[in-house]
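Read off the chains here:
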Amino acid sequence: MSVVFTDETRERAREIIARYPADRSRSALLPLLHLVQAEEGYVSPAGVAFCAEVLGLNKAQVGAVATFYTMYKRKPTGDFLVSVCTNTMCNVLGGQEVYDTLAEHLGVGHDETTADGTITLEHAECLAACDYGPVMTVNYDFFDGVDASTAVGVVDELRAGGRPMPTRGARLCTLKEMAVQLAGFADERDGAVADGGPGEPTLRGLRLAQQHGVSVPGFDPNTPIRSKAEADKAAAEAKAKAEAAKPAPVEASAAPVKGGDGASAPTGVAEPAKPEAATGSTTRDVKAPDDKSPQVRTAETRQPDAGTAVPDAPGTKVPADGTGTAPEAGDARAAEAAGVAANAPAGDGKPAGDEAGAQERNLTEAKAGTDADGAGPADANETGAQK
């Protein structure tokens, strides 16, 4: 069954796209993927199609991004994503034990969701909080210094409908609510950011800096941030001041200059300046006779059809046949056209080489919501993939 996104989601999509220059709208893809995840709880095929539609991309381009970042979930996810760090530091401190205990307690493994749809468990390679380890996050909010017992207490409170307070950060929200914030919209819950605070290791670093007088030279935290107009004005004034400070050019002397034979040189001709002693300063760069980049020269050498091949480009030579002559113009284009004709590009729906019949069958089963064996939508997708 196709998903029809709400008018609010479409309006927010237009707002996201408007944040970027008209010729750079593709940059809106990341927040748009968070936006569709906020509505469905994951980035579904319908979400991929929606992003492709509003940005004028094909589904393969959107899917390539959605499958690259782990924050975009490709199957339905629970209200609370519980991530346990099992990387080196947290692992040494007991992170793997925390993960194993939660997996047994919840009855799920990595990237699996509890039957009630509340908790999705995953192990994370690193949560960038080694000084607080072992750590776990719930929808990317931190619970520091956890052990197996405290971790079980957190997930039990979540399943009971509670919202345990993270060690650092604001109040917990659901994964869909978090996705709205990641798409660039404020959390409108009452008092959503009223709680939380810095961790003790962070404060310890601040206290040490204050104790030893460590600070950024010349830093004034009360310095106002200038607007673009003020910054442009200051830059123009600095440029004018620098121009005014330049020494005036030395003009040639109009006085007669004695020649080598004692005769006067023509009026207005100055005596050639004597070379000055080397001062160690560098001279200004002299523009090369050919200001083409090496890459352009190499490309022109390898593509003689351009008519401007450069035989002397470093490390390259003009292609030639057995007689030593360069190929006729148009040969490369003809070969390229033949290659394109022999290898038709894949469409949006499938990679090159996939069987069209299997693709259509999978899509039909997914839309019907069940396969031939009576399995649900999720099972139908898996069955179709196996077929």
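Residues numbered from 1 in each chain as written. Predicted model: local features only at pLDDT ≥ 70, side-chain atom pairs only at ≥ 80, totals over all residues. Heavy atoms only, no water.

Peer 1: An account of the overall build of the protein chain is requested, with residue identities and associated values reported.
Peer 2: When helices and strands are tallied, the protein chain shows 14 helices and five strands. Pairs at least 24 residues apart make up 54% of the contacts formed inside the protein chain by residues separated by at least 6 positions. (Helix = DSSP H or I, 4+ residues; strand = E, 2+ residues; numbered from the N terminus. Contact = heavy atoms within 4.5 Å.)

Peer 1: Could you give me a rundown of the confidence of the model for the protein chain, with the residues and numbers involved?
Peer 2: Averaged over the protein chain, the pLDDT score is 76; the fraction of residues at 70 or greater is 66%. Helix 14 (residues 377-386) is the least confidently modelled element of the protein chain, averaging 47 in pLDDT, while strand 1 (residues 80-85) averages 95, the highest of any element. Under a pLDDT of 50 for its full length, residues 277-281 has, in the predicted model, zero contacts with residues more than four places off or in other chains. Predicted confidence for residues 380-385 stays below pLDDT 50, and this span has nine contacts to residues more than four positions away or in other chains. (pLDDT = per-residue confidence, 0-100.)

Peer 1: Can you break down helix 1 (residues 7-17) residue by residue, with the values?
Peer 2: Looking at helix 1, one finds that the buried residues are Thr9, Ala13, Ile16 and Ile17. Down the axis of helix 1, the buried side of the element spans an arc of 95°, and every buried residue falls inside it. Those residues of helix 1 that are exposed and angled more than 90 degrees off the buried face are Asp7 and Glu8. Where the residues of helix 1 are buried, they touch helix 2 (29-40) and helix 3 (45-55). (Buried < 20%, exposed > 50% of the residue type's maximum accessible area, 1.4 Å probe, protein only. Arc of directions from axis to C-beta.)

Peer 1: Describe in detail the packing of aromatic side chains, supporting the description with residues and values.
Peer 2: Counted by the stated rule, this structure contains three aromatic pairs. Here the aromatic rings of Phe68 and Tyr69 are separated by 4.9 Å at their centres, their planes lie at 80°, and the arrangement is edge-to-face. Between the aromatic rings of Tyr69 and Tyr72, the centroid separation amounts to 6.1 Å while the plane-to-plane angle is 85°, which identifies the pairing as edge-to-face. Tyr72 sits in the buried class, given a relative accessible area of 6%. Among the aromatic side chains, those forming a connected cluster through ring pairs are Phe68, Tyr69 and Tyr72. The ring centre of Phe185 lies 4.8 Å from the NZ or CZ of Arg12, which sits over that ring. Geometry around Phe185 places Arg19 over its ring, the cationic atom sitting 5.0 Å from the centre. (Phe/Tyr/Trp six-rings, centres within 6.5 Å; stacked < 30°, edge-to-face > 60°. Lys NZ or Arg CZ within 6 Å of the ring centre and 35° of its normal.)

Peer 1: I'd like to hear about the packing of helix 1 against helix 2, residue by residue, with values.
Peer 2: Closest axis-to-axis distance for the helix 1/helix 2 pair is 10 Å, and the angle between their directions is 165°. It follows from the interaxial angle that helix 1 and helix 2 lie roughly antiparallel. Between helix 1 and helix 2 the crossing geometry is right-handed. Facing Thr9, Arg12, Ala13, Ile16 and Ile17 of helix 1, the residues of helix 2 in contact are Pro31, Leu32, Leu35 and Glu39. Its residues placed into classes, the contact of helix 1 with helix 2 shows six nonpolar, one polar and two charged. (Axes fitted to C-alpha atoms, helices over the stretch in contact; angles between N-to-C directions. Parallel < 35°, antiparallel > 145°, perpendicular 65-115°, else oblique. Left-handed = near helix turned anticlockwise from the far one by under 90°. Nonpolar A, V, L, I, M, F, W, Y, C, P; charged D, E, K, R; others polar.)

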